[in-house]
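# Fold and geometry: a report
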Amino acid sequence: VQISGSTVLLTGATGGLGQAIARALHARGGKLILTGRRADVLAPLAAELDGSRTLTIDLSDPDELDSLTREAGDVDILVANAALPASGKLDSFSVEEIDRALAVNLRSPIVLARALAPVMVSRGRGHLLFMSSLAGKTATPGSSMYNATKFGLRGFAASLRAELREQDVGVSTIFPGFIRDAGMFAESGAKLPAGVGTRSPVDVARAVISAIERNRGEVDVAPVHVRAATLIGNLAPEVSAALTRRLGGEKIITDIAAGQTDKR
Ligand SMILES: NC(=O)c1ccc[n+]([C@@H]2O[C@H](COP(=O)([O-])OP(=O)(O)OC[C@H]3O[C@@H](n4cnc5c(N)ncnc54)[C@H](OP(=O)(O)O)[C@@H]3O)[C@@H](O)[C@H]2O)c1
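Let us look at the structure shown here. Keep in mind the model is a prediction, meaning the values are calculated, not measured.

### Some points on the site of the ligand
The ligand sits among 30 residues. The nearest are Thr 14, Arg 37, Asn 81, Tyr 146 and Lys 263. Contact between the ligand and Gly 15: an oxygen atom at 2.9 Å from a main-chain N or O atom of the residue. A total of 880 Å² of accessible area belongs to the ligand in isolation, and the protein chains cover 96% of it. Those elements giving two or more residues to the shell around the ligand turn out to be helix 1 (16–27), helix 5 (144–164) and helix 6 (184–188).

Written out as structure tokens, the structure reads:
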């Protein structure tokens, strides 16, 4: 769908990737509705991206999510980008933290799509974009909650894409790998071994624009060898798990989780 002139609802606009996505959508002529919990970050972003509206909202609260679907009004494009890192071993999560991860990462994109898609269908025009992760294609130890939500989003979006194809409503899913400079991985402070490449927030934003404008189903944002490792994880999960252990991957995952516990 064409972004220029379209109303775009972006969740997680205050985050490292969200801000880059907001700037790219604005540069493309989108009329933005920016959402997040941090009003102090939303306000300057909206001032920079003239014509944007903001809605301060906690997506883990079902009533606030309901009010978002009402207050957003007519939306042509949904970019469901908000998420919690939800990293760490399962037994380190309280039930409340499990519920919050599911609510923000999985329930809120589903509820938003349920609320917004019928209007798009009635117009025969619209796009739903979901931000998954390569952790939505391959699982690693110590990421069960994050893997659960990101795999879930992939399945949801793939089914919806097939369901809405005839109605001219596009559906895309983006799968970033490790993203440098800003966002939940960069902020964890964890160091990657030499040779494990990263991509930038601007690369993710470019993928979002291209997915919406060309109705691409699934787009990875990672260097080719990281994508290849993900493919092995898909085709042969046991081999991939053994490789992760041998290459010291579990330490990296533990370091990332240790740097993200404040975001539960
Ligand atoms: N960074 C990476 O390396 C990477 C890799 C793969 C996938 N991703 C995915 O990319 C997306 C953006 O991540 P990021 O790196 O930009 O993370 P981030 O900097 O931590 O931003 C997360 C965003 O989600 C919002 N959010 C979290 N909890 C919320 C809640 N309860 N209610 C409303 N909004 C909430 C935050 O807004 P407030 O803080 O204002 O509430 C923030 O805007 C996520 O879906 C993430 O899983 C990131």
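### Some remarks on helix 10 (residues 249–258)
When we look at burial in helix 10, the residues that qualify are Gly 249, Ile 252, Ile 253, Ile 256 and Ala 257. Seen from one end, helix 10 has its buried residues packed into an arc of 135 degrees, which puts them on one side. Seen from the open side of helix 10, the exposed residues pointing more than 90 degrees away from its buried face are Lys 251, Thr 254 and Ala 258. Its buried side turned inward, helix 10 meets helix 6 and helix 9 (237–246).

### Topic: the sheet that holds strand 6 (residues 169–176)
In space, the seven strands of this open sheet follow the order 3-2-1-4-5-6-7, with parallel pairing throughout. Sheet topology places strand 3 (53–56) and strand 7 (218–221) at the edges, where each strand pairs with a single neighbour. The sheet shows a mean angle of 15 degrees between the axes of neighbouring strands, direction not considered. Relative to strand 5 (residues 126–131), strand 4 (residues 77–80) is paired through four bridges, and the arrangement is parallel.

Rules of the game
Residues numbered from 1 in each chain as written. Predicted model: local features only at pLDDT ≥ 70, side-chain atom pairs only at ≥ 80, totals over all residues. Heavy atoms only, no water. Near = heavy atom within 4 Å. Polar contact = N/O pair within 3.5 Å; in protein donor to acceptor, adjacent residues only side chain to side chain. Areas by Shrake-Rupley, 256 points an atom, 1.4 Å probe, with all protein chains shown as cover. Helix = DSSP H or I, 4+ residues; strand = E, 2+ residues; numbered from the N terminus. Buried < 20%, exposed > 50% of the residue type's maximum accessible area, 1.4 Å probe, protein only. Arc of directions from axis to C-beta. Contact = heavy atoms within 4.5 Å. Pairing = 2+ DSSP bridges. Axes fitted to C-alpha atoms, helices over the stretch in contact; angles between N-to-C directions.

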